[in-house]
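Chain by chain, the residues run as shown.
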Amino acid sequence: MAGFSLGGGYSRGMIIAVDGPSGSGKSSTARGVADRLGLRFLDTGATYRAVTWSAIEHGLDLDDTAAVAQRARELRLELSTDPLNQFVIADGTDVTAAIREPRISERVSKIATNLDVRKELIRRQREIIDEAQPSGGIVVEGRDIATVVATDAELKVLLTADQEARLARRGAELAVGSVTAEQLRDQIVRRDADDSTVADFQVASDGAVTIDSTDLSLEEVIDVISRLAKEASPRSHDS
Ligand SMILES: Nc1ncnc2c1ncn2[C@@H]1O[C@H](COP(=O)(O)OP(=O)(O)OP(=O)(O)O)[C@@H](O)[C@H]1O
Ligand SMILES: Nc1ccn([C@H]2C[C@H](O)[C@@H](COP(=O)(O)O)O2)c(=O)n1
């Protein structure tokens, strides 16, 4: 992908923002697009999950917003942006698997709706995006990427899918019997309701393209976004 001129001879890579509700396929799609186009990949949800893990490890009351925000500021966090080798290290511990456990999914909205935590994590997410620019650009997925974190993204995608499709996808992903139907609904429906009090990911922001993935395969969604990215890249206007 060609660089984007910022004036003064400096150019940066492309930023692709992918937002949407839980289970719409943001992580898998964004990772696939990054791999296809040779870009970096940032899963911003992992930053909220890592703070949740750390706050629990420290025995904090998750309703104590000041203590949790302090933990977010103190946490040493390392996130891989390699789409083919994702890992998350929190205060020296590899938490890549732990942050996906149901105990984290059940509590993460409490941390994501803490506005001081958001302020700190958005700052860190922007740093990671800046660091990825010399590598050609980055695909960033979350809930507020197009609207808050990277409003200057060249391509903004709102990825949706019917609630039933999202429930079925998440159910198929989790080990049989590991969660009840009620827990599954909690992970998708209740979490989206809580998360949408602080981030607007239910309707497309200005300039965003909505892709409804209900009847599309993962590969088809990756194809559509990759094509849109090439059209948005200056290289597509070359020659
Ligand atoms: N278009 C698709 N068709 C069928 N299954 C899909 C599609 N996209 C993603 N999936 C599957 O749905 C599941 C959820 O996808 P993924 O974790 O990428 O969603 P997400 O939007 O990032 O969710 P969350 O925000 O809760 O982390 C995964 O098992 C993934 O393989
Ligand atoms: N930019 C973001 C990313 C994530 N969140 C919240 C929403 C989720 O409850 C939680 C974990 O995200 P997931 O890994 O499930 O995508 O973090 C947010 O508010 N803003």
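Owing to the predicted nature of the structure, the values given are computational and were not obtained by experimental measurement.

Asker: Got a minute to help me understand the confidence of the model for the chain in this structure?
Answerer: Detailed reading of predicted coordinates is not advised where the pLDDT is low. Averaged over every residue, the pLDDT of the chain is 92; residues scoring 70 or more account for 93%. The low-confidence segment residues 6-10, where pLDDT is below 50, has four contacts with residues more than four positions distant or belonging to other chains.

Asker: I keep staring at the site of ligand 1 and nothing clicks. Help me out?
Answerer: Around ligand 1 there are 17 residues in total, and S22, K26, S27, S28 and L216 lie nearest to it. Between ligand 1 and G23, the relevant distance is 3.0 Å, taken from an oxygen atom to a main-chain nitrogen or oxygen of the residue. In the complex, the protein chains occlude 81% of the 630 Å² of accessible area that ligand 1 would expose alone. At the level of elements, α1 (26-37), α7 (163-173) and α9 (218-232) are the ones that each hand at least two residues to the shell around ligand 1.

Asker: Even after reading the chapter, I still don't get the packing of aromatic side chains, so can you show me in this structure?
Answerer: Between two aromatic rings, the relevant description is the distance of the centres plus the angle of the planes. Overall, the coordinates contain zero aromatic pairs when judged by the stated rule. It is R143 that lies over the ring of F201; its NZ or CZ is 5.6 Å from the centre.

Asker: Help me understand the sheet that holds strand β3 (residues 14-19), please; the structure alone is not making it clear to me.
Answerer: Strand pairing in a sheet relies on backbone hydrogen bonds, with the paired strands running either antiparallel or parallel. Pairing is parallel across the open sheet formed by five strands, whose spatial order is β4-β8-β3-β9-β10. Because the sheet does not close on itself, it has two edges, and the strands there are β4 (40-43) and β10 (209-212). Neighbour-to-neighbour, the strand axes of this sheet turn through a mean angle of 20°, independent of strand direction. As defined by bridge partners, β4 adjoins strand β8 (residues 137-142) across four bridges and the pair is classed as parallel. Bridge assignment links L42 to a residue of β8, and that residue is V140. Against the sheet, α1 touches β3, β4, β8 and β9 (155-160), its axis set at about 175° to β8.

Asker: Before we go on, may I ask you to explain the UniProt feature "binding site: ATP" (unreviewed entry) in the chain in this structure?
Answerer: Within this numbering scheme, the UniProt entry marks G20, P21, S22, G23, S24, G25, K26, S27 and S28 as carrying the feature "binding site: ATP" (unreviewed entry). When you line up the elements, G20 lands in the loop between β3 and α1. With residues up to four places along the chain from it excluded, the contact list for G20 reads K26, G142, R143, L158, L159 and F201. Looking at where S28 falls in the secondary structure, it is placed in helix α1. With a relative accessible area of 29%, S28 lands in the partly exposed category. Not counting the four nearest positions on each side in its chain, S28 is found in contact with L218 and I222.

Asker: Sorry if this is basic, but what is going on with the UniProt feature "domain: Cytidylate kinase" (unreviewed entry) in the chain here?
Answerer: In the UniProt entry, the feature "domain: Cytidylate kinase" (unreviewed entry) is given for residues 16-230. Along residues 16-230, the helical share is 50% and the strand share 15%, with 11 Å between the first and last C-alpha atoms.

Asker: Help me understand the site of ligand 2, please; the structure alone is not making it clear to me.
Answerer: In the region of ligand 2, 14 residues are neighbours, and R49, R118, D144, R191 and D195 sit closest. Within the side chain of R49, a nitrogen or oxygen atom sits 2.7 Å from an oxygen atom of ligand 2. One of the side-chain nitrogen or oxygen atoms of R118 is found 2.8 Å away from an oxygen atom of ligand 2. About the coverage of ligand 2: the protein hides 96% of its 450 Å² of free accessible area. Among the elements of the structure, α2 (45-57), α4 (102-112) and α8 (181-195) are those that each provide at least two residues to the shell around ligand 2. Class assignment for the residues of the shell around ligand 2 results in three nonpolar, four polar and seven charged.

Asker: I would appreciate a short explanation of the sheet that holds strand β5 (residues 77-79) in the present structure.
Answerer: Taken together, three strands build an open sheet; the order of strands is β5-β6-β7 and the sheet is antiparallel. Of all strands in the sheet, those bounded by a partner on one side alone are β5 and β7 (93-94).

Asker: Explain the environment of L218 here, please?
Answerer: If you trace the backbone, L218 turns up in helix α9. Accessibility expressed as a relative area gives 43% for L218, which makes it partly exposed. Contact partners of L218, with chain neighbours within four places excluded, come to S28 and T29.

What counts, and where the lines are drawn
- Along every chain, residues carry numbers that run from 1 in the direction the sequence is written.
- The lettering of chains begins at A and the numbering of ligands begins at 1, in the order of writing.
- Selection of residues for local features in this predicted model requires a pLDDT of at least 70, selection of side-chain atom pairs for listing and counting requires 80 or more, and totals for whole chains, interfaces and linings are taken over all residues.
- With hydrogens and water excluded, all non-hydrogen atoms of the structure serve as input to the side-chain values.
- How sure the predictor is of each residue is captured by pLDDT, a score from 0 to 100.
- In what follows, residue pairs with any heavy atoms lying within 4.5 Å of each other are defined as contacts.
- One heavy atom suffices: a residue is near a molecule or strand as soon as one of its heavy atoms comes within 4 Å of it.
- Whenever two N or O atoms come within 3.5 Å, that pair is a polar contact, provided that in protein one can donate a hydrogen and the other can accept it, and provided that, for residues adjacent in sequence, both atoms are side-chain atoms.
- Per-residue and other accessible areas were derived by the Shrake-Rupley procedure at a 1.4 Å probe size, with only the shown protein chains allowed to occlude residues.
- Put simply, DSSP H or I for four residues or longer makes a helix, DSSP E for two residues or longer makes a strand, and each gets a number counted from the N terminus.
- Side-chain rings of Phe, Tyr and Trp (the six-membered ring for Trp) are treated as a pair once their centres are within 6.5 Å; stacked means planes under 30 degrees apart, edge-to-face means over 60, and tilted covers the remaining angles.
- For a ring to carry a charge above it, either NZ of a lysine or CZ of an arginine must fall within 6 Å of the ring centroid while also lying within 35 degrees of the normal to the ring plane.
- Any two strands are treated as partners once DSSP identifies two or more bridges connecting them.
- Fitting a line to C-alpha atoms yields each axis, with helices limited to the stretch in contact; the angle taken between N-to-C directions then spans 0 to 180 degrees.
- UniProt positions are given in the numbering used here, feature names are shortened, and annotations may be inferred rather than shown by experiment.
- The classification of residues rests on relative accessible area computed with a 1.4 Å probe and restricted to protein chains. Under 20% of the type maximum is buried, over 50% is exposed, and intermediate values are partly exposed.
- In this classification, the charged set is Asp, Glu, Lys and Arg, the nonpolar set is Ala, Val, Leu, Ile, Met, Phe, Trp, Tyr, Cys and Pro, and all remaining amino acids, among them Gly, are polar.

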